[in-house]
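# Survey of secondary and tertiary structure
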Amino acid sequence: MKFRTEIPLNEHHSKLNYHDEVLFLGSCFSVHIHNKMKGLKFNSMSNSFGIVYNPLSLSSQLLRTVENKSFTEKDLHFNNERWFSFNHHSDFSFSDKTECLNAINLRLNQGHQQLKSAKFLFITLGSSWVYYRNEDNEIVSNCHKIPAKEFTKFLADPADMVEQLSYAISELKKINPTISTVFSVSPVRHLADGFFENQVSKGRLFDVIHQLKAQDNTISYFPSYEFLMDDLRDYRFYKSDLLHPSNEAVQYIWERFVATYFSSTTIETMGKVEKILQATNHRPFNPNSAAHQKFIVKTISSMENLKTAIFGGFEEEMKKLK
């Protein structure tokens with residue numbers, strides 16, 4: 001008897017290796033997968049504007065990253081003693097205006113460079129609910145804790161989301177014709193919008209991705225939502241808020257991600273990297289013993305042998321051991 005819904009894996013025809021560049025955009029769930037890749041020494045970058053949930057803001061950010069159109073002081077606002085941009089997450093808020101602007105434009109340029117040569121763009125959509133600022137009718141990515149009365153909330157129309165995402169991706173292909181775009185839907189429920197409203201919101205996201213896939217055969221879908229909601233389907237795989245996936249759930253979905261997009265050679269190299277990182281974090285009982293010193297020399301040798309095969313090498317880890 002089966003007691004779980006098994007989601008079939010559809011391996012992607014193009015596989016990632018350690019020298020490929022990838023970019024993750026979207027909700028906090030995309031950050032989880034990026035962190036896994038970054039921690040294992042892949043050439044991965046996440047969210048040039050910070051975490052974003054709705055497709056309209058995301059498509060605008062993607063287009064601006066493609067164009068590499070710098071922000072100016074007129075794009076910044078000041079509240080609660082912090083400078084910020086309504087296009088960015090609060091991670092890009094600073095007490096100094098110049099520091100804020102420099103950080104925003106530096107990350108924008110880094111994102112542009114990554115997009116030009118990236119093999120994959122992974123986009124995780126979180127919600128169809130969107131806010132615009134009443135003062136100028138501009139859609140915002142983040143309200144930055146400004147009073148709700150200054151914004152109007154609406155449910156984005158699927159046709160608008162498809163049009164804007166499709167245009168941004170078409171512009172992206174002008175600077176990177178071979179890039180593969182992979183969409184997913186965040187399994188995190190936005191219950192602050194309401195239980196029913198969250199379901200409507202997620203349903204529109206699925207509709208949008210379905211239409212985009214029908215228009216462009218270079219666009220595909222990764223079922224992160226289904227892995228948590230259908231395959232795992234138990235509150236023991238959630239954090240204490242019962243909304244966000246637990247570390248075990250993220251690890252499970254990460255393993256499905258690896259099986260879908262990584263080549264056998266990449267998986268083999270990744271295993272060697274994991275072994276080296278575990279060795280680096282090992283806490284010896286007697287660090288001055290001959291056995292441990294031999295262990296350190298062996299680990300450094302393994303790093304030297306592998307450093308050209310991965311992105312960034314093991315500079316920090318090697319420094320620690322030496």
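Notes on the structure in this doc start here. For clarity, every value in this text was computed on a predicted model and none was experimentally measured. (Residues numbered from 1 in each chain as written. Predicted model: local features only at pLDDT ≥ 70, side-chain atom pairs only at ≥ 80, totals over all residues. Heavy atoms only, no water.)

## Things to note about the packing of aromatic side chains
Remark: the centre distance and the inter-plane angle together describe each pair of aromatic rings, the angle taken between the planes. The full count for this structure, using the stated rule, is 24 aromatic pairs. Taking the centre distance of 5.9 Å and the plane angle of 50 degrees together, the rings of Tyr132 and Phe154 count as tilted. With Tyr132 in strand β6 (residues 129–133) and Phe154 in strand β8 (residues 151–155), the pair connects residues that are 22 residues apart, well separated along the chain. Residue classification places Tyr132 among the partly exposed residues on the basis of a relative accessible area of 24%. Among the aromatic residues, ring-to-ring pairing joins Tyr18, Phe24, Phe42, Phe120, Phe122, Phe222, Phe227, Tyr252, Trp254, Phe257, Tyr261 and Phe262 into one connected group. We note Arg64 situated over the ring of Phe71; from NZ or CZ to the ring centre the distance is 3.7 Å. Over the aromatic face of Trp129 sits the side chain of Lys153, whose NZ or CZ is 4.7 Å from the ring centroid. (Phe/Tyr/Trp six-rings, centres within 6.5 Å; stacked < 30°, edge-to-face > 60°. Helix = DSSP H or I, 4+ residues; strand = E, 2+ residues; numbered from the N terminus. Buried < 20%, exposed > 50% of the residue type's maximum accessible area, 1.4 Å probe, protein only. Lys NZ or Arg CZ within 6 Å of the ring centre and 35° of its normal.)

## A look at the packing of helix α1 (residues 28–39) against helix α7 (residues 247–261)
It is at 11 Å that the axes of α1 and α7 come closest, and there the two elements cross at 70 degrees. Accordingly, the angle class assigned to the pair α1 and α7 is roughly perpendicular. Crossing handedness for the pair α1 and α7: right-handed. Contacts between α1 and α7 involve Phe29, His32, Ile33, Lys36 and Met37 from the first element and Val250, Gln251, Ile253, Trp254 and Phe257 from the second. Here the residues of the contact of α1 with α7 sort into seven nonpolar, two polar and one charged. (Axes fitted to C-alpha atoms, helices over the stretch in contact; angles between N-to-C directions. Parallel < 35°, antiparallel > 145°, perpendicular 65-115°, else oblique. Left-handed = near helix turned anticlockwise from the far one by under 90°. Contact = heavy atoms within 4.5 Å. Nonpolar A, V, L, I, M, F, W, Y, C, P; charged D, E, K, R; others polar.)

## Focus on the pattern of salt bridges
This model, assessed by the stated rule, comprises 15 salt bridges. Between Lys41 and Glu317 there is a salt bridge, and its shortest N-O distance comes to 2.9 Å. Here Lys41 is found in the loop between α1 and β2 (43–46), whereas its partner Glu317 is found in helix α10 (residues 315–321), with 276 residues between them in sequence. Each of the two residues, Lys41 as well as Glu317, counts as buried. The shortest N-O distance in the salt bridge between Arg236 and Asp234 comes to 3.5 Å. What you see here is one network of salt bridges that share partners, running through Arg4, Glu6 and Asp231. (Salt bridge = Lys/Arg side-chain N within 4 Å of Asp/Glu carboxyl O.)

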